[in-house]
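Report on the structure
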Amino acid sequence: MDIAIIGTGYVGLVTGACFAEVGHRVVCVDSDESKVRLLQGGGIPIYEPGLDELVRANVAAGRLRFSGSVRDGVEEALVIFIAVPTPPLPDGGVDLSFIEAVAREIAGCLTEYRIVVDKSTVPVKTGEKVAETIKRYCKSRVDFDVVSNPEFLREGFAVQDLMRPDRVVIGARSPRPVQRLKELYAPFQAPVIVTDINSAELIKHAANSFLALKISYINAMAALCEASGANVQEVANGIGMDKRIGRAFLDAGLGFGGSCFPKDLSAFIKIAEQLGYDFALLKEVRNINAQQMDRFIRKIADTLWVIKDKRIGVLGLAFKQNTDDVRQSPAIEVCQRLAREGAILRVHDPRAMEKAKALLPDATFVEEMNDLAEGCDALVVATEWPEFKQLDLDRARRLMTHPIMIDGRNLFDPNEMERLGFIYKSIGR
Ligand code: UGA
């Protein structure tokens, strides 16, 4: 099938590459000319495991190409995906101006039946607005359908999440576009859930908010564990083995960050408010997330007494493992708060150092993980990169002025750290 994807961010680019991989012909469109040129020249603007190879192979096979023109996509493709950003507004609401602009542009190029699929994360009822907009701005009377098809990929695991999805959600007003989308997704062999458009839109915000809720729940539990001498990982295992609860997203840490959860949670609270419902539960999820960061900074301060002029080595800058994305990264927030208190920062991340440089102008970026500890009064683990478990701890201890580690991701074993001579603190253990 011929498909067009408008917007080549994480979702758009990975979706385009995966659809091409299973045999569809895909044109990925972006208004950012420099990005289109980069992609046309074989470059990839983000780090995502497996994406590079996928893009290269499918461009070479003639199934994937890049364009700066929406018209190009609309003329060629039966199915047009909208995957443009929906950034937050200052009041927590969602800025839908990119979606509206793309809907108008599609309307201006429609000459025959098309299926317009919204993949961007949008407030419930956006599909209705997109349909109205296309109708209003389309000069001739062309038939079209609007579908909501939310995306559930995680950064760092995006290709595998797309190739093997838990489910595909298709929200539509009539059966006609559903059949085509089912054909499109058939190669992925995933269960398909067909709903109305509003339900599909709600599913996306409900899923992200529920996952954020699980994280805040376990972080609150970590506070109880610290106060009572229990171990939050054992509690998570104990409740997670109940199939009704599940172990996933019950890792206590620095709280959730990234470009999705914090934004989507605030958006959902706002959307609920506009629908006349006070979603106090989600407000508390957000509060717990903020408190978790405060508690971690307090833990560092309690351990070091005075932070000013302490040399602190921070392991991790990305908002989570397997990505170079530092947007809303808890690790960056830790660094910025420590810097504000007068700490001298040495930082390391396997992938995110380039993107973090502008955010941490005074930090020393250390290329080699095992050199980070040099002259440090403490090490802080801020991102759950599995590579950090390979840190040469003996060497780190020898390089440090004091062998102190504060682990915000529970990567190390407390008994082992004690045996190695570290003063070791972690989350909820
Ligand atoms: C999230 C969702 O998991 C995806 O399903 C969704 O498609 C995506 O948002 C989106 O809306 O685009 P992502 O933001 O890439 O994906 O990252 P997650 O793996 O969900 O992690 C989010 C944050 O939660 C990270 O800061 C991570 O460190 C933290 N986290 C995650 C925990 O603190 N504990 C956990 O147990 C799991």
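Residues numbered from 1 in each chain as written. Predicted model: local features only at pLDDT ≥ 70, side-chain atom pairs only at ≥ 80, totals over all residues. Heavy atoms only, no water.

To continue, consider the overall build of the protein chain. Helix and strand counts for the protein chain stand at 16 helices and 14 strands. Against the 2.2 N^0.38 benchmark of 22 Å for 429 residues, the protein chain shows a C-alpha radius of gyration of 23 Å, consistent with a compact globule. Dimensions of the protein chain along its principal axes, counting C-alpha atoms only, are 75 × 50 × 40 Å. The buried share of the protein chain, taken over its 429 residues, is 53%. Pairs at least 24 residues apart make up 72% of the contacts formed inside the protein chain by residues separated by at least 6 positions. A total accessible area of about 19500 Å² is found for the protein chain, and carbon and sulfur atoms account for 51% of it. A distance of 3 Å separates the average location of the 54 positive side-chain charges in the protein chain from that of its 59 negative side-chain charges. (Helix = DSSP H or I, 4+ residues; strand = E, 2+ residues; numbered from the N terminus. Rg over C-alpha atoms; globule rule 2.2 N^0.38 Å. Buried < 20%, exposed > 50% of the residue type's maximum accessible area, 1.4 Å probe, protein only. Contact = heavy atoms within 4.5 Å. Areas by Shrake-Rupley, 256 points an atom, 1.4 Å probe, with all protein chains shown as cover. Lys, Arg positive; Asp, Glu negative; His and termini not counted. Charge placed at Lys NZ, Arg CZ, Asp CG, Glu CD.)

Here we come to empty space enclosed by the protein. Using the criterion set out here, one finds 1 cavity of 30 Å³ or more in the structure. Estimated volume of the largest cavity: approximately 30 Å³. Here the element with the most residues in the lining of the largest cavity is helix H9 (residues 197–228); it accounts for 3 residues. Counted by class, the lining of the largest cavity contains 3 nonpolar, 4 polar and 3 charged residues. (1 Å grid on protein atoms, 1.4 Å probe; cavity = no way out; pocket = protein on both sides within 12 Å on 5 of 7 lines; lining within 4 Å. Points joined across faces, edges and corners; volume = space filled by probe spheres on them. Nonpolar A, V, L, I, M, F, W, Y, C, P; charged D, E, K, R; others polar.)

What follows covers the nonpolar core. Formed by 61 residues in total, the largest nonpolar core has its most connected members in Leu-317 and Met-405. Counting 40 residues, the second largest nonpolar core, distinct from the first, contains Ile-3, Phe-66, Leu-78 and Phe-188. (Core = buried A, V, L, I, M, F, W, Y, C linked by side-chain atoms within 4.5 Å.)

This brings us to the side chain of Lys-119. With respect to the helices and strands, the residue Lys-119 is situated in the loop between strand S5 (114–118) and helix H6 (126–137). Using a relative accessible area of 3% as the deciding quantity, one classes Lys-119 as buried. At 3.0 Å, the side chain of Lys-119 forms a polar contact with the side chain of Asn-149. Among the polar contacts made by the side chain of Lys-119, one reaches the side chain of Tyr-185 at a distance of 3.0 Å. The contacts of Lys-119, once residues within four sequence positions are left out, are Val-11, Thr-15, Phe-81, Ile-82, Asn-149, Pro-150, Glu-151 and Tyr-185. (Polar contact = N/O pair within 3.5 Å; in protein donor to acceptor, adjacent residues only side chain to side chain.)

In the vicinity of the ligand there are 20 residues, among which Leu-153, Glu-155, Lys-204, Asn-208 and Glu-384 approach most closely. Separating an oxygen atom of the ligand from a side-chain N or O atom of Lys-204 is a distance of 2.7 Å. One of the side-chain nitrogen or oxygen atoms of Arg-409 is found 3.2 Å away from an oxygen atom of the ligand. With the chains in place, 92% of the 710 Å² that the ligand exposes on its own is no longer accessible. Counting residues per element, the ones that place at least two in the shell around the ligand are H9 and helix H11 (261–274). The element best represented in the shell around the ligand is H9, accounting for 3 residues. Residue composition of the shell around the ligand, by class: 9 nonpolar, 2 polar and 9 charged. Both domains that meet at the shell around the ligand, namely domain 1 (2–195) and domain 2 (231–429), each give it at least three residues. (Near = heavy atom within 4 Å. Domains from an automatic or database assignment.)

Turning next to the packing of aromatic side chains. Across all of its chains, the model carries 8 aromatic pairs by this definition. With a centroid separation of 5.9 Å and an interplanar angle of 55°, the aromatic rings of Tyr-185 and Phe-188 are classed as tilted. Relative accessible area serves as the criterion here: at 5%, Phe-188 is assigned to the buried category. Across the ring face of Tyr-47, the terminal group of Arg-351 is positioned such that the distance to the ring centre comes to 3.8 Å. Sitting over the face of the ring of Phe-365, Lys-357 holds its NZ or CZ atom 5.6 Å from the ring centroid. (Phe/Tyr/Trp six-rings, centres within 6.5 Å; stacked < 30°, edge-to-face > 60°. Lys NZ or Arg CZ within 6 Å of the ring centre and 35° of its normal.)

Glancing now at the packing of helix H1 (residues 10–21) against helix H3 (residues 51–60). The angle between the axes and the distance between the axes are what describe a pair of packed helices. For the pair H1 and H3, interaxial distance at closest approach is 9 Å and the crossing angle is 55°. Taken together, the axes of H1 and H3 are oblique relative to one another. Seen from above, H1 lies across H3 with left-handed handedness. Across the interface between the two elements, Leu-13, Val-14, Ala-17, Cys-18, Ala-20 and Glu-21 from H1 touch Leu-51, Leu-54, Val-55 and Asn-58 from H3. (Axes fitted to C-alpha atoms, helices over the stretch in contact; angles between N-to-C directions. Parallel < 35°, antiparallel > 145°, perpendicular 65-115°, else oblique. Left-handed = near helix turned anticlockwise from the far one by under 90°.)

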